[in-house]
Structure formats: C-alpha cells, structure tokens
Amino acid sequence: ADQRVATAMAQQQADRIQSVLAAPDAALRAGVLSGGGRVSVVVSDAADAAVVVLADAPSPGPQRAYQLWVLQGRTPISVGLLAPGQSQATELIEGVRGRDAFALSVEPAGGSSAPTTTPLVGISLA
C-alpha cells in the first residue's frame, strides 16, 4: 500500500511539473552559480508554480544542503531543501505568483529559516 501511495504521489508531481512546463505563459529564466553549476527556472504565474533544475553544481558537502528561496521584496521565503550533499535536482515550487526573485544558498543540512550564506544565484521572476 505504501508503494502504491508513493508511486501515485510521484506521478502527481510529475504531472504537475509537466503542466507548469507546458503552461502558455511559461517563461525560462537561468543563471550560473558562483562556484560552478547552473540553475534554470521555468515559471508560470497562471499555474502559480515553477520548476527549478539544478545541474553541474559542486557538492555542498555531507553536512550542508542547497536551499531554494523565493523573495518578496527583500524577504526570503524557503520553498525547498535538497538532501544533504545533493548537487543536482528537478524541483517543483508552488506559490510563485507575485514573487520577485528566486535564490539558492548553501545551508546546514536541516535548512535555515533565512539564508545564512550569500546566495549563489539570484534570478528575477518578474
């Protein structure tokens, strides 16, 4: 039963990612991480979501993790935390309508309530 639930949830997320990528207003934004790697963000205001693809980034180390943020003005809002040491990912983030920017930082493995390091990239969502 747990396997079926996990499979259904994964399929639901894959469907949502596909709907964001196919949205009529989908817009691609991209940036290069300081220290190496790149991030692409496909944002759709109509879907109120974005798909973030992190590629070729260096490992943050076993006790650190990449954390995803959206900014409303200067206020960071956490929208995701990768597993410790993970350096590539495709992530769905919700609630992007009206947000000004996307940022990515390296944080302690459990994440932070606000960035504790200078973001590695900042990408305008407007």
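Above this text sits the structure in question.
Summarised in this report is the structure supplied together with it. Everything numeric here is computed off the predicted structure, so don't read it as measured data. (Residues numbered from 1 in each chain as written. Predicted model: local features only at pLDDT ≥ 70, side-chain atom pairs only at ≥ 80, totals over all residues. Heavy atoms only, no water.)

## Details of the sheet that holds strand β3 (residues 49-55)
Consideration 1: Pairing within the open sheet is antiparallel, and its four strands lie in the order β1-β2-β3-β6. Single-partner strands in this sheet number two, and they are β1 (27-32) and β6 (89-94). Sheet twist, expressed as the mean angle between neighbouring strand axes with direction ignored, is 20°.
Consideration 2: Sheet topology places β1 next to strand β2 (residues 38-44); six bridges connect them, and they run antiparallel. Residue pairing across strands places G31 opposite V39, the latter belonging to β2. (Pairing = 2+ DSSP bridges. Helix = DSSP H or I, 4+ residues; strand = E, 2+ residues; numbered from the N terminus. Axes fitted to C-alpha atoms, helices over the stretch in contact; angles between N-to-C directions.)

## Quick notes on the pattern of salt bridges
Consideration 1: Here the structure, examined in full by the defined rule, presents three salt bridges.
Consideration 2: With a closest N to O distance of 2.7 Å, R16 and E94 form a salt bridge. Residue R16 is found in helix α1 (residues 2-21), and its partner E94 is found in strand β6; the two are separated by 78 residues along the sequence.
Consideration 3: The class of R16 is partly exposed, set by a relative accessible area of 25%.
Consideration 4: Accessibility expressed as a relative area gives 41% for E94, which makes it partly exposed.
Consideration 5: With its nearest N and O atoms 3.9 Å apart, the salt bridge here joins D48 to R97. Of the two residues, D48 is situated in the loop between β2 and β3 and R97 in the loop between β6 and β7 (101-108); the sequence distance between them amounts to 49 residues. (Salt bridge = Lys/Arg side-chain N within 4 Å of Asp/Glu carboxyl O. Buried < 20%, exposed > 50% of the residue type's maximum accessible area, 1.4 Å probe, protein only.)

## Regarding the sheet that holds strand β5 (residues 75-81)
Consideration 1: Taken together, the four strands give an open sheet; going across it, the order is β5-β4-β7-β8, and neighbouring strands pair in antiparallel fashion. Pairing within the sheet leaves two strands with one partner each, and these edge strands are β5 and β8 (121-124). For this sheet, the mean inter-axis angle between neighbouring strands, taken without regard to orientation, is 30°.

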